[in-house]
Amino acid sequence: MNEFQKRIFVAGHRGMVGSAIVRCLSEKGYTHILTRSRSELDLTDQAKVRAFFAEERPQEVYVAAAKVGGIHANNSYPAEFIYSNLMVEANLIHESWRTGVNKLLFLGSSCIYPRLAAQPMTEDALLTGKLEPTNEPYAVAKIAGIKLCESYNRQYGCDFRSVMPTNLYGPGDNYHPENSHVLPAMIRRFHEAKSNDAPSVLIWGTGSPKREFLYVDDMASACVHVMDLPRETYAAHTDVMASHINVGSGEDLSIAELARMVSDVVGYRGAIHFDTSKPDGAPRKLLDISRIRELGWKPGVSLRAGIALAYADFCSEELVA
């Protein structure tokens, strides 16, 4: 069989990351990309996931399906975040083993690392300290996903891999005014302020925490790059009990600096204020990306250029709405 005809299941293909992975695979020439919407396949239902794998027999699986959100969403729905993510990853990883999937890639999150981890955060910082309280349930679920992959590799000889992305943004992002992440939330807030001639925009927190961002199509290219690595190459750069790989831009900036950049890209000229009564979250979250650079990948889209692309996507969605 031709390499580009292998059956690849992208779980979560309608999400920002999943849709970018589908774009990347399609551009590379893969022709048998399997997808299912939430209404077609409930990934938290073990019986339905089992039936899907038994029927479709995917050869590779990307676990890009997840319940995600910002500080407000994580604080408001902690039970939903831990339950949904645990069930989805457990079902997908277990059925991948049962049906003999050749390779699986699990997508985690940089929030798996301790709140006060040394910066930039290396892969071996995992489980060395307390997590950020505002998203601990989500982080615990993502850590469980890594350990699921490692456990199936150790016990059954599977080839299940994990990548830990930094904060992602881009086409298909969630721009909900309360449940979105910081960058898309800013895009919406500054756009609305510009449209309404608002004199100022209020940003949660002090503006001092530093964050790293990666354009989602760069993340997709990293996912496919890691999935396509020979097994021996992946194994040589990881450890059986610490097999995840960080994926980021390698650069960060303060929330205040980010706000000024988004404001400039959007074209908003009013004042920016900070609501210091709101939580900041972790003081800094920068990933050490030495490992994936050694494996031959690096990002291609600068933050400012990426924000401009994301804003154009937001505006196109607004026009459609």
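For the structure given in this document, a descriptive report is provided here. Not measured: the values here are computed from a predicted model.

Helix and strand content of the protein chain: eleven helices and twelve strands. Its C-alpha radius of gyration of 19 Å places the protein chain within 12% of the 20 Å reference for a compact globule of 321 residues. Overall, the protein chain is about 60 × 45 × 40 Å in size when its C-alpha atoms are taken along their principal axes. For the protein chain, the proportion of its 321 residues judged to be buried stands at 51%. Long-range pairs, those at least 24 residues apart, make up 82% of the contacts in the protein chain between residues at least 6 apart in sequence. Put simply, the protein chain shows about 14,200 Å² of open surface, and 51% of that area lies on carbon and sulfur atoms. Side-chain charges in the protein chain split into 34 positive and 38 negative, and the spacing between the mean points of these groups amounts to 1 Å.

Attention now moves to the sheet that holds strand β3 (residues 60–63). In sheet architecture, strand pairing relies on hydrogen bonds along the backbone and comes in two forms, parallel and antiparallel. Read across the sheet, six strands follow the order β2-β1-β3-β4-β5-β9 without closing on themselves; strand pairing throughout is parallel. With one partner strand each, in any of the chains shown, β2 (33–34) and β9 (244–247) form the two edges of the open sheet. When β3 meets strand β4 (residues 103–107), the two strands line up parallel, connected through four bridges. From the neighbouring strand, Tyr62 faces β4, where its bridge partner is Leu105.

This part takes up empty space enclosed by the protein. The full count for this structure, using the stated rule, is one cavity of 30 Å³ or more. The calculated volume of the largest cavity comes to roughly 30 Å³. As for the largest cavity, its lining consists of Val63, Ala65, Ala66, Asn85, Val88, Glu89, Phe106 and Lys142. Tallied by class, residues from the lining of the largest cavity come to five nonpolar, one polar and two charged.

In this section: helix α5 (residues 136–156). The terminal C-alpha atoms of α5, which comprises 21 residues, lie 30 Å apart, in line with the 30 Å expected from a rise of 1.5 Å per residue. Residues of α5 that are buried: Pro137, Tyr138, Ala139, Ala141, Lys142, Ile143, Gly145, Ile146, Cys149, Glu150 and Tyr152. Downstream of α5 by one or two residues, Gly157 has phi in the positive range, about 75 degrees.

To continue, consider unusual backbone geometry. Across the chain, the bulk of peptide bonds are trans and the bulk of non-glycine residues have phi less than zero. Residue Pro120 is bonded to the preceding Gln119 through a cis peptide linkage, with omega at -10 degrees. Along the chain, Pro120 turns up in the loop between β4 and α5. In this structure, Arg57 takes a positive phi of about 50 degrees despite not being glycine. On the basis of relative accessible area, Arg57 is assigned to the partly exposed category, the value being 46%.

Another point: the pairing of strand β7 (residues 200–204). Side chains of β7 alternate between two faces, with Val201 and Ile203 buried and Ser200, Leu202 and Trp204 left unburied. Sheet topology note: the β7/strand β11 (residues 271–275) ladder contains five bridges and is parallel. Looking at the pairing, Ser200 lines up with Ala271 of β11.

Further remarks concern the pattern of salt bridges. Counting across every chain of the model gives 16 salt bridges. It is possible to trace a salt-bridge network through shared partners that takes in Glu3, Lys6 and Glu60.

Criteria and thresholds
- Residues numbered from 1 in each chain as written.
- Predicted model: local features only at pLDDT ≥ 70, side-chain atom pairs only at ≥ 80, totals over all residues.
- Heavy atoms only, no water.
- Helix = DSSP H or I, 4+ residues; strand = E, 2+ residues; numbered from the N terminus.
- Rg over C-alpha atoms; globule rule 2.2 N^0.38 Å.
- Buried < 20%, exposed > 50% of the residue type's maximum accessible area, 1.4 Å probe, protein only.
- Contact = heavy atoms within 4.5 Å.
- Areas by Shrake-Rupley, 256 points an atom, 1.4 Å probe, with all protein chains shown as cover.
- Lys, Arg positive; Asp, Glu negative; His and termini not counted.
- Charge placed at Lys NZ, Arg CZ, Asp CG, Glu CD.
- Pairing = 2+ DSSP bridges.
- 1 Å grid on protein atoms, 1.4 Å probe; cavity = no way out; pocket = protein on both sides within 12 Å on 5 of 7 lines; lining within 4 Å.
- Points joined across faces, edges and corners; volume = space filled by probe spheres on them.
- Nonpolar A, V, L, I, M, F, W, Y, C, P; charged D, E, K, R; others polar.
- Expected span 1.5 Å × (residues − 1).
- Salt bridge = Lys/Arg side-chain N within 4 Å of Asp/Glu carboxyl O.

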